[in-house]
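One-letter residues, chain by chain:
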Amino acid sequence: MRKMIFTLLGVGALLGTSYAAQANSVLILEGYQAQAQMDDPAFREFSAERGQEFFSQNHTGGKPQTPSCTTCHTADPSGAGQTRAGKTIAPLAISKTPDRYSDFEKVEKWFRRNCTSVLGRTCSAREKGDFITFMKTR
Amino acid sequence: MLKVKALLWGGVFMMSQFSVAMADERYRPIDNPVVEKECGSCHMAFQPQMMPKRSWEKIMDGLDDHFGEDASLSADVSQEIRDYLVANAADAGWWSGKFMRGIKEGDAPMRITEMPYWVREHRKEVPARAWDDPKVKTKANCQACHRDAKRGYYDDD
C-alpha cells in the first residue's frame with residue numbers, strides 16, 4: 001500500500017499539481033485512518049454520511065458566533081463561503097477546489113482552529129477523516 | 001525678487017514631491033508573505049501602520065480568542081508576524097503616522113475601526129446607510145469600499 005501511494009505521488013508530480021494534491025490528500029487520510037484505529041481498535045472505515053452530518057449539524061460547546069461549520073462554509077460545500085469579516089472562502093469540495101486537503105500543516109491548522117471555535121474542543125481523527133471523505137464525494 | 005519667487009516655487013515643488021513620497025509611505029502593501037498568508041485568510045491583512053505597537057502586541061497575545069475565533073499560530077510563525085507588525089506600526093518611525101492622531105497615551109485599541117483617526121475619517125464622509133449594505137457586512141471589510149486597500153490606497157473613492 002505504502003509503495004503504491006509513493007508511486008502515485010511520483011506520477012502525480014509528473015502529471016501536474018492537481019494530481020499531486022490528490023495523492024497528498026490520500027496520504028493525509030491514511031494518517032487519520034491509522035490514528036483512528038489507534039483511538040478505537042474496532043474502527044473500520046471513514047463514512048461520507050457521518051462526515052456530512054458532522055458538517056451540517058449545529059454543535060454545542062463552541063463560541064456562540066459559530067455554531068456550525070456551515071456558518072462560514074454554507075450548507076453547500078461546492079459553493080463559496082464567507083468569513084465573519086466578509087471575505088470569500090473557496091468551496092471545500094475537492095471537485096471545486098482541487099488543492100484542498102493536500103497540505104498537512106494547513107489541514108491541521110484549520111481543523112484545530114475551526115473545531116475549537118465550533119465545538120470548543122479539537123476534532124478526533126475519525127471526525128477529520130469522515131469530513132474529508134465527505135468532501136471527496138462533492 | 002525673481003530669486004525669491006524661484007525659491008518659493010522650488011519650495012512648493014519640493015513639498016509636492018515630499019507629499020507624494022509620504023503618500024506611498026503611509027500604508028505600504030504588506031511585503032512579508034507569512035503575514036500576508038496568516039493574517040489574510042479571514043479578512044484582508046491589515047497594514048500595521050494603522051495601529052500602535054502596543055495594539056499589535058495585544059492582538060498577538062490573544063490570537064486563541066481573536067474577536068470570538070481561534071486564530072492561533074505556532075510560536076515561531078507568531079513571533080515572525082509580531083516582529084513585522086511592531087516594526088511597521090503607526091508609532092514605529094521617527095514621525096508618527098496619521099493614525100496616531102487623537103489617541104491617548106497608553107490606549108491600545110484592538111480595532112483599527114476604533115482608532116480615533118479612523119472614526120473621524122468615516123464619520124465625516126460615509127453615509128450611515130453605506131454600513132447597512134449587505135456587501136459590506138462589517139466595518140472591518142475595508143475592501144468592500146476601498147477596492148485597492150491591499151495596495152495601500154484608501155483615498156480613491
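Thresholds applied
Residues numbered from 1 in each chain as written. Chains lettered and ligands numbered in written order. Predicted model: local features only at pLDDT ≥ 70, side-chain atom pairs only at ≥ 80, totals over all residues. Heavy atoms only, no water. 1 Å grid on protein atoms, 1.4 Å probe; cavity = no way out; pocket = protein on both sides within 12 Å on 5 of 7 lines; lining within 4 Å. Points joined across faces, edges and corners; volume = space filled by probe spheres on them. Helix = DSSP H or I, 4+ residues; strand = E, 2+ residues; numbered from the N terminus. Salt bridge = Lys/Arg side-chain N within 4 Å of Asp/Glu carboxyl O. Buried < 20%, exposed > 50% of the residue type's maximum accessible area, 1.4 Å probe, protein only. UniProt positions renumbered as here; feature names shortened; annotations may be inferred.

## Regarding the layout of surface pockets
- Space inside the second largest pocket adds up to approximately 900 Å³.
- Taken together, 37 residues line the second largest pocket, and the ones lying closest to its centre are H73(A), I89(A), R100(A), W110(A) and N114(A).
- Secondary-structure elements contributing two or more residues to the lining of the second largest pocket are α4 (70–73), β2 (88–89) and α5 (104–119) of chain A together with α2 (33–38) of chain B.
- Top element by residues in the lining of the second largest pocket is α5(A). It accounts for 11 residues.

## Re the pattern of salt bridges
- Within the structure shown, the criterion is met by 12 salt bridges over all chains.
- Note that K63(A) and D65(B) form a salt bridge whose closest N and O atoms lie 3.8 Å from each other. Within this pair, whereas K63(A) is found in the loop between α3 (48–56) and α4, its partner D65(B) is found in the loop between α3 (53–61) and α4 (75–87), the two belonging to separate chains.
- Residue D65(B) is classed as partly exposed on the basis of its relative accessible area of 48%.
- E69(B) serves as the salt-bridge partner of R84(A), at 2.8 Å between the closest nitrogen and oxygen. Here R84(A), found in the loop between β1 (81–82) and β2, pairs with E69(B), found in the loop between α3 and α4, and the two come from separate chains.
- A relative accessible area of 30% means that R84(A) is categorised as partly exposed.
- On the basis of relative accessibility, which here comes to 19%, the residue E69(B) falls in the buried class.

## Points about the UniProt feature "domain: Cytochrome c" (unreviewed entry) in chain A
- The feature "domain: Cytochrome c" (unreviewed entry), as given by UniProt, occupies residues 46–138 of chain A in the numbering adopted here.
- The span residues 46–138 of chain A is 44% helical and 4% strand by assignment, and the distance between its end C-alpha atoms comes to 15 Å.

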